[in-house]
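# Remarks on the overall topology
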Amino acid sequence: MNRKQFLSASAILSASAILPNQSVVAQNYSANGLDKLTDAKGDFLHLPLPYNKNFLEPYMDEETVYLHHTFHHGGAVKGANKDLQMIRKAMDENNLETVDYWTKKLSYHFSSHVLHTIFWTNLTNKKNEPTGELLKRIEKDFGSYDKLKAYLSKTSKDVDGNGWGILGYQPYSDKLVILQCENHEKLTQWGVIPILVIDVWEHSYYLKYKNKRNDFVDAMLNIINWDNVAERLNVATKLV
Ligand code: MN3
């Protein structure tokens, strides 16, 4: 088996292994094991939630999940499709006057689509902990699971304005890294593949937690689906 065949075989295995609980189906993932975010034409797809709207109660209330998924995530998908269309139009018409504007917009909307898609699958409704290869990596790169949690928690709580706390795999250094992302696309490191993301935009928590972002982040850290994070790490390390 050559490298390409090996990668393709392991991607198929990973794609089946990455499935989270309940109703998520195999077509939510591409052949390389990453989330399927586009259709055959290259337009962006907004997939249904991988569980019922009340699945994350009481940590995340049904109304917030509904509004967040439908209008915030859904709005980003619509925005990304429009941005793409405007870039194609500019290229077709050979008029690049506003192409930088749509390119910036696409970075914002597409990054939102990527992070929200990961966010929904990262959550479950019962407490669990990382094990196996993921735990080994956490201990190697952060010292312990508790230290990782403290670092991710502090980073997420302290985002300036709207943004995300992110645990990702950095292939250039072969390490897990924490990012503090502003909006959806700022303060990244090139190459990082997110495997665990915490949305600290106000729309994520305000109905239930009001201004208490710290309480929301603490609650989220109780319902991380560490199996999903482990499967994402497995896919990420096989992509390179
Ligand atoms: Mn959001």
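So, a few notes on the structure that sits alongside this text. (Residues numbered from 1 in each chain as written. Predicted model: local features only at pLDDT ≥ 70, side-chain atom pairs only at ≥ 80, totals over all residues. Heavy atoms only, no water.)

Right, let's get into the environment of Pro50. On the secondary structure map, Pro50 appears in the loop between helix 1 (3-17) and helix 2 (62-92). Assessed through its relative accessible area of 5%, Pro50 is described here as buried. As a C-alpha pair, Pro50 and Trp120 span 70 residues in sequence and 7.1 Å in three-dimensional space. (Helix = DSSP H or I, 4+ residues; strand = E, 2+ residues; numbered from the N terminus. Buried < 20%, exposed > 50% of the residue type's maximum accessible area, 1.4 Å probe, protein only.)

A few words on the layout of surface pockets. Considering only enclosed or pocket space, the largest pocket measures out at about 380 Å³ in volume. Around the largest pocket, the lining is made up of 19 residues, and of these Ser111, His184, Thr188, Val192 and Pro194 lie nearest the centre. Within the residue set of the lining of the largest pocket, elements represented by two or more residues are helix 3 (99-122) and strand 2 (175-182). Of all the elements, helix 3 adds the most residues to the lining of the largest pocket, at five residues. Residues that form the lining of the largest pocket fall into these classes: 11 nonpolar, six polar and two charged. Residue assignment places the lining of the largest pocket across two domains, with domain 1 (3-121) and domain 2 (132-238) each supplying three or more. Its volume calculated, the second largest pocket comes out at about 230 Å³. (1 Å grid on protein atoms, 1.4 Å probe; cavity = no way out; pocket = protein on both sides within 12 Å on 5 of 7 lines; lining within 4 Å. Points joined across faces, edges and corners; volume = space filled by probe spheres on them. Nonpolar A, V, L, I, M, F, W, Y, C, P; charged D, E, K, R; others polar. Domains from an automatic or database assignment.)

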